[in-house]
Amino acid sequence: MARRSAGKGRLIAVEGTRGHDLRDAAAELWQRFEAREVHGGVSSWDASGIFSDLRVEKRKHLSLSPRTLVLLYAADLVFRLRWQIRPALDQGQVIIAAPYVDTAVAFGVAEGLSRSWLTKLFAFAPPPAACYRIKERGKALRSKGKPLDGFVEFCAAILADDVAAAGSVEFRREMLAYLEELDGKNRCPRLTRRVISSQPV
Amino acid sequence: MVRAREKKRGLLIAFEGPTGAGTSTQRRLFKVWLEQQGHEVVTSKWISSRAIRPLMKARARLHALSAEELCLLQAADFRHRLETQILPALWQGKTVVADRFLFASLARASARGLDLDWLLFAHAPLFWPDLVFYFSVSPTTSTTRVAAGHAPKFYDAGQDVTNIADPIASYRRFVGRMIKEYESLSLIFQFVTVDGEQPIYEQHRRMRQLFEEQRRQPWGQGNLEAVVEWLAWSPAAAEVRRGASIRG
């Protein structure tokens, strides 16, 4: 599918494995812009309510595979692009997407899905002007969180216990390894205080 | 393990066509006939997954879905049905009749202007039926049959792309595009075409004949990928995994 351009505004992606951290990092980054009266905002996971609605269903009907979960993430992202991200970009605003494409790709890669399938599936999403990953280590990696905290927490709650445990430390390390690999290609550096304070406004 | 199951596995037969082509009528007749022939038959209907269908219904009621969202939710529904209904049944040697399979989504999404290559990726790994019956009807026949029943719903009528307020008038325009896409898919993927304008029993008799002439083929690469992935994660396949590890 043809990728549409990101418009006049500025799209910043923030990627990571924990919903809470993503929300906090996006809020901190947005403060930098808000303080300078820049228009825009933050686009978060599950804006479409797909995952919240699924959570309401009984778990026995919810034997969703990693691939199905990625497809649902993509459907939610299409919604976010349509109602939050593209309108802001078209008006020349700054929009922070936390998470954006690479969190879902990292999840898929850690679950053993093909990178080419993941990349082509998300071809509809415009490339961000900048992409950052959150620093995660130690205790934070062991914290499972609640299912609606974020995409990875939701998947961890849904996927069967005897399959790759999406909430485990090892699984999150695999996701982080993918994001670090992007960093190695200068595509997704770590989000630090210095990075935040040096954002052009 | 998958190759060893090949001879015991069930058959997947898909019924495809635009609304009003008669797929549901023929599917019911064919199911009864298969059962009389000794097959244990499971039916799988398009957009019927217990997890995804409620999401789609709620959003379709609000006319809130874009073509891409609709396609991705249909792809999720397809994957969920494949992994929770179709593959477990085939693995147990049952015959599955699918009242519209993935081609229903592909034809409609292509008619909405989405790129076929991307659509195929969204539905990958593609799982190939053993036989696809395509019920060919003209846009006029399809519209006449649809108009004789309830008015088609917003997305069934293609009102999201035609912007025509009258559902029947919208369907009349949309079905032309849909049939064109179906005809292309039919050529690319070699469907078995049944003339949906023939008398009902004549179509049924032809299908029996085509089914009996069909030679069983081993699963192709896409099917094997889908089965291996299903075996790797699905709670429904846990027993199969345990059996394999005991034998191994």
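Report on the accompanying structure. Starting from 1, residues in each chain are numbered consecutively following that chain's sequence as written. Lettering for chains starts from A, numbering for ligands starts from 1, and both go in the order in which the items are written. Reporting in this predicted model follows two pLDDT cut-offs: at least 70 for local features of residues, and 80 or more for side-chain atom pairs to be given and counted; totals over whole chains, interfaces and linings ignore these cut-offs and use all residues.

**What about the overall build of chain B?**
Rules: The way it works is that DSSP assigns letters per residue, a run of H or I at least four long becomes a helix, a run of E at least two long becomes a strand, and they are numbered from the N terminus. With the radius of gyration taken over C-alpha atoms, the globule rule is written as 2.2 Å times the number of residues to the power 0.38. Note on contacts: each residue gets a C-beta atom placed from the backbone, and two residues are in contact if those atoms are within 7 Å.
Secondary structure assignment for chain B yields 12 helices and five strands. What you see for chain B is a C-alpha radius of gyration of 18 Å, in line with the 18 Å of a compact globule of 248 residues. Each principal axis of the C-alpha atoms in chain B carries an extent, and together these give about 60 × 40 × 30 Å. Contacts in chain B between residues far apart in sequence, at least 24 positions, make up 79% of those at least 6 positions apart.

**Concerning the interface of chain A and chain B**
Note the cut-off: Note that Gly is not counted as nonpolar here; it falls among the polar residues with everything else outside the nonpolar set of Ala, Val, Leu, Ile, Met, Phe, Trp, Tyr, Cys and Pro and the charged set of Asp, Glu, Lys and Arg.
Between chain A and chain B, the contact holds 29 residues from the first and 27 residues from the second. Secondary-structure elements contributing two or more residues to the side of chain A that touches chain B are helix H2 (50-56), helix H3 (66-90) and helix H5 (115-121) of chain A. Broken down by element, the residue count for the side of chain A that touches chain B peaks at 10 residues, all from H3(A). A class-by-class count of the residues in the side of chain A that touches chain B yields 19 nonpolar, four polar and six charged.

**Quick notes on the nonpolar core**
Applicable threshold: For the purposes of this analysis, a nonpolar core is taken to be any set of buried Ala, Val, Leu, Ile, Met, Phe, Trp, Tyr and Cys residues that are connected through C-beta atoms within 7 Å. With C-beta atoms placed from the backbone, a residue is labelled by how many other C-beta atoms lie within 10 Å of its own: buried for 20 or more, exposed for 12 or fewer, partly exposed between the two.
Residues Val14(A), Ala74(A), Ala75(A), Ile96(A) and Leu72(B) are the most contacted members of the largest nonpolar core, which totals 125 residues. For this core, the leading source of residues is H3(A), giving 14 residues. Not counting chain neighbours up to four residues away, the residues in contact with Ile96(A) comprise Ile12(A), Val14(A), Ala26(A), Leu29(A), Trp30(A) and Val42(A).

**So, helix H7 (residues 139-148) of chain B**
All names here are of chain B. We count it as follows: Here, the arc refers to the directions that run from the helix axis to the C-beta atoms.
All of the buried residues in H7 are Ser142, Thr143 and Val146. Burial along H7 is one-sided: seen end-on, the buried residues are contained in an arc of 95°. For H7, the exposed residues lying more than 90 degrees away from the buried face are Thr140 and Ala148. In this fold, the buried residues of H7 make contact with helix H9 (167-189).

**Considerations on the sheet that holds strand S1 (residues 12-16) of chain B**
All names here are of chain B. The cut-off we apply is this: Strands qualify as paired when DSSP identifies two bridges or more between them. In this description, a line fitted to the C-alpha atoms serves as the axis of each element, helices being fitted only across the stretch in contact, and the angle between N-to-C directions of two axes falls anywhere from 0 to 180 degrees.
With respect to topology, five strands assemble into an open sheet ordered S2-S3-S1-S4-S5, the strand pairing being parallel. Pairing within the sheet leaves two strands with one partner each, and these edge strands are strand S2 (41-45) and strand S5 (192-195). When the angles between neighbouring strand axes are averaged without regard to direction, this sheet yields 20°.

**Things to note about the sheet that holds strand S4 (residues 130-133) of chain A**
All names here are of chain A. Strand order in the open sheet made by the four strands is S2-S3-S1-S4, with parallel pairing throughout. Single-partner strands in this sheet number two, and they are strand S2 (40-44) and S4. Along the sheet, successive strands turn relative to each other by an average axial angle of 20°, direction set aside. As judged from the four bridges shared by strand S1 (residues 10-15) and strand S3 (residues 94-98), these two strands associate in the parallel manner. Bridged to Leu11 within S3 is Ile95.

**Comments concerning the environment of Arg81(B)**
Residues and elements named next belong to chain B. Along the polypeptide, Arg81 turns up in helix H4 (residues 67-91). In the structure, Arg81 is positioned 87 residues away from Ile168 in sequence and 30 Å away in space, judged by C-alpha atoms. Arg81 has contacts with Ser44, Ser48, Ser49 and Ile86, leaving out every residue within four places of it along the chain.

**Re H3(A)**
All names here are of chain A. Which entries qualify depends on this criterion: Given a helix with a known number of residues, its expected span is that number minus one, times 1.5 Å. To get the bend at a given residue, fit one axis to the seven residues ending there, fit another to the seven starting there, and take the angle between those axes.
A rise of 1.5 Å per residue sets the reference length of H3, with its 25 residues, at 36 Å; its end C-alpha atoms lie 33 Å apart and thus fit the reference within 8%. Along H3, the sharpest kink reaches roughly 50°, centred on Leu81. Taking burial as the measure, the 25 residues of H3 include 19 buried ones, the bulk of the element.

**Re the packing of H3(A) against H4(B)**
As a reminder, the rule being used: Note on angle classes: values under 35 degrees are labelled roughly parallel, values over 145 roughly antiparallel, values of 65 to 115 roughly perpendicular, and the remainder oblique. Handedness of each helix crossing follows the sense of rotation of the near helix against the far helix: counterclockwise by less than a right angle gives left-handed, clockwise gives right-handed.
For the pair H3(A) and H4(B), interaxial distance at closest approach is 9 Å and the crossing angle is 165°. For the element pair H3(A) / H4(B), the angle class is roughly antiparallel. The handedness of the crossing between H3(A) and H4(B) is left-handed. Here H3(A) contributes Arg67(A), Thr68(A), Leu71(A), Leu72(A), Ala74(A), Ala75(A), Val78(A) and Phe79(A) to the contact with H4(B), which in turn contributes Glu68(B), Glu69(B), Leu72(B), Leu73(B), Ala75(B), Ala76(B), Arg79(B) and His80(B). Grouping the amino acids of the contact of H3(A) with H4(B) by side-chain chemistry returns 10 nonpolar, two polar and four charged.

**Description of the packing of helix H5 (residues 102-111) of chain B against H9(B)**
Residue and element names in this part refer to chain B. Remark: H5 packs on H9, axes separated minimally by 8 Å, with the N-to-C direction vectors making an angle of 125°. By the criterion of interaxial angle, the relationship of H5 to H9 is oblique. Judged by the twist between their axes, the crossing of H5 over H9 is right-handed. Contacts between H5 and H9 involve Phe103, Leu106, Ala107, Arg108, Ser110 and Ala111 from the former and Phe174, Arg177, Met178, Glu181, Tyr182 and Leu185 from the latter. Grouping the amino acids of the contact of H5 with H9 by side-chain chemistry returns eight nonpolar, one polar and three charged.

Scope: geometric values only; no functional claims are made or implied.
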